[in-house]
Amino acid sequence: MTYQTIQVETNGKVGVIRLNRPQALNALNSELAGEVGEAIAAFEADAGIGCIVLTGSEKAFAAGADIKEMAGKDYMDAFFGNFAADWNAAARARKPVIAAVAGFALGGGCELAMQCDMIIAADNAKFGQPEIKLGIIPGIGGTQRLTRAIGKAKAMDMILTGRMMDATEAERSGLVARVVPLADLMNEAMKTANTIASMSLPSVMLAKEAVNRAFETTLAEGVLFESRVFHSLFATADQKEGMTAFVEKRAAKFENK
Ligand code: CO8
């Protein structure tokens, strides 16, 4: 598959998607959103892939939705066209997706990173939801996911003022899992992705589903869901292999079944 706005490669069991519109700081236009969706779908369908890494350039993960593309839209275009409703491929993915963020992650870029399961940030990363300065608000989950990630006080601060948050503040606030020097970003993201991809894929996918359930339900229902999933994993060959390998003091060799 040839893409115009992203670069895609496979590295062992890890699928890497790099946003690639350098002339616009990786601003998200509809072509890019479509291509990210196609690339994620292809990795989801590839049984050899256990984890996906989504990244940008050293200067920008993505500086938001493409303002030049959307500037001319009116309400009817946005409403009847259901603008950006399908820009959620990362959030819909069943395999884990890591966002490796360097530079600007603004507006839709910050939202895209938050759609991923985990953000690993370079020390030059800057996060923000500056939509308010354009007379709009976040449109692909920012008001909801940022609030869940960093709490109401900081989410209001970010979304109502449009200010940026640096990597240190983002880590302190719980938005990102780790901050590493810029030069180490891809190594760290790939190492983490390879670790995840070396596990039993069914248990990884179900662990992700169980964690995400925490955002959708009550504690009692979430714990019940976890319990059912936990029990179901005893039906897998990988559970036998994982526990036998521990007892035999060797590395487990999972076969995703
Ligand atoms: N859209 C279109 N083009 C952009 C965008 C963008 N979001 N961001 C940067 N560019 C372009 C600039 O226009 C410029 O192009 P040109 O050279 O042709 O003038 C080029 O990228 C480089 O940008 P700058 O010269 O501005 O670079 P600086 O280093 O001076 O500044 C900034 C970097 C601070 C990131 C600055 O470019 C900026 O403020 N960009 C806009 C950030 C922003 O407001 N983002 C939010 C957009 S709205 C949004 O994301 C809504 C999401 C709702 C859901 C929609 C689905 C995703």
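Small disclaimer: the values here were computed from a predicted structure and weren't measured.

Undergrad: Tell me what's going on with the pairing of strand 5 (residues 97-101), and back it up with residues and numbers.
TA: Most of strand 5 is tucked away: five of the five residues are buried. Residues V97, A99 and V101 line one face of strand 5 and the alternating positions I98 and A100 line the opposite face, and both faces are buried. Sheet topology note: the strand 3 (residues 51-55)/strand 5 ladder contains four bridges and is parallel. Pairing of V53 across the sheet is with I98, part of strand 5.

Undergrad: Before we move on, could you go through the sheet that holds strand 2 (residues 14-19) and cite the residues and values that matter?
TA: The mixed open sheet is built from six strands, whose spatial order is 1-2-3-5-7-10. Strands with a single pairing partner mark the edges of an open sheet, and in this sheet they are strand 1 (6-11) and strand 10 (178-180). In this sheet, neighbouring strand axes are inclined to one another by 20° on average, regardless of whether the strands run parallel or antiparallel.

Undergrad: So what about the packing of aromatic side chains? Which residues, and what values?
TA: Across all of its chains, the model carries four aromatic pairs by this definition. A ring pair is formed by F83 and W87, whose centres lie 6.0 Å apart and whose planes are at 75°; its orientation type is edge-to-face. An aromatic cluster of at least three residues, connected via ring pairs, comprises Y75, F79 and F80. K73 extends its terminal NZ or CZ atom over the ring of F83, reaching a point 4.7 Å from the ring centre. Between R213 and the ring centre of F225, over which it is positioned, the NZ or CZ distance is 4.0 Å.

Undergrad: Break down helix 9 (residues 185-197) for me, with residues and values.
TA: Because each turn of an α-helix spans 3.6 residues, side chains separated by three or four positions in sequence point in the same direction. For helix 9, with 13 residues, the first-to-last C-alpha span of 18 Å sits near the 18 Å given by 1.5 Å per residue. Among the residues of helix 9, L185, E188, A189, M190, T192, A193, I196 and A197 are the ones counted as buried.

Undergrad: Provide a residue-level description of the state of the cysteines, including the pertinent values.
TA: The final tally for this structure, using the stated rule, is zero disulfides. Looking at the unpaired C110, the closest cysteine sulfur is the one in C116, lying at 11 Å. Overall, the relative accessible area of 2% leaves C110 in the buried class. For the unlinked cysteine C116, the closest cysteine sulfur is that of C51, found at 10.0 Å. Taking the relative accessible area as the measure of exposure, C116 reaches 8% and is therefore buried.

Undergrad: Go over the domain arrangement of the chain with me, naming the residues and quoting the values.
TA: Taken domain by domain, the chain comprises domain 1 (6-197) and domain 2 (200-248). Between domain 1 and domain 2, the C-alpha centre-to-centre distance is 27 Å. At the junction of the two partners, domain 1 supplies ten residues and domain 2 supplies six residues. Buried surface at the junction of domain 1 and domain 2, summed over both partners, amounts to about 700 Å²; 59% is from carbon and sulfur atoms. Three residues stand out in domain 1 for area buried against domain 2, namely R94, D117 and R148, and they jointly supply 54% of the buried area on that side. Counting across the interface, domain 1 meets domain 2 through one salt bridge. In this structure, the salt-bridge partner of K208 is D117, at a minimum N-O distance of 2.8 Å. Classifying every residue of the side of domain 1 that touches domain 2 by side-chain character gives five nonpolar, one polar and four charged.

Rules used in this analysis
Residues numbered from 1 in each chain as written. Predicted model: local features only at pLDDT ≥ 70, side-chain atom pairs only at ≥ 80, totals over all residues. Heavy atoms only, no water. Buried < 20%, exposed > 50% of the residue type's maximum accessible area, 1.4 Å probe, protein only. Helix = DSSP H or I, 4+ residues; strand = E, 2+ residues; numbered from the N terminus. Pairing = 2+ DSSP bridges. Axes fitted to C-alpha atoms, helices over the stretch in contact; angles between N-to-C directions. Phe/Tyr/Trp six-rings, centres within 6.5 Å; stacked < 30°, edge-to-face > 60°. Lys NZ or Arg CZ within 6 Å of the ring centre and 35° of its normal. Expected span 1.5 Å × (residues − 1). Disulfide = S-S within 2.5 Å. Domains from an automatic or database assignment. Contact = heavy atoms within 4.5 Å. Buried area = accessible area lost by both parts, 1.4 Å probe. Salt bridge = Lys/Arg side-chain N within 4 Å of Asp/Glu carboxyl O. Nonpolar A, V, L, I, M, F, W, Y, C, P; charged D, E, K, R; others polar.

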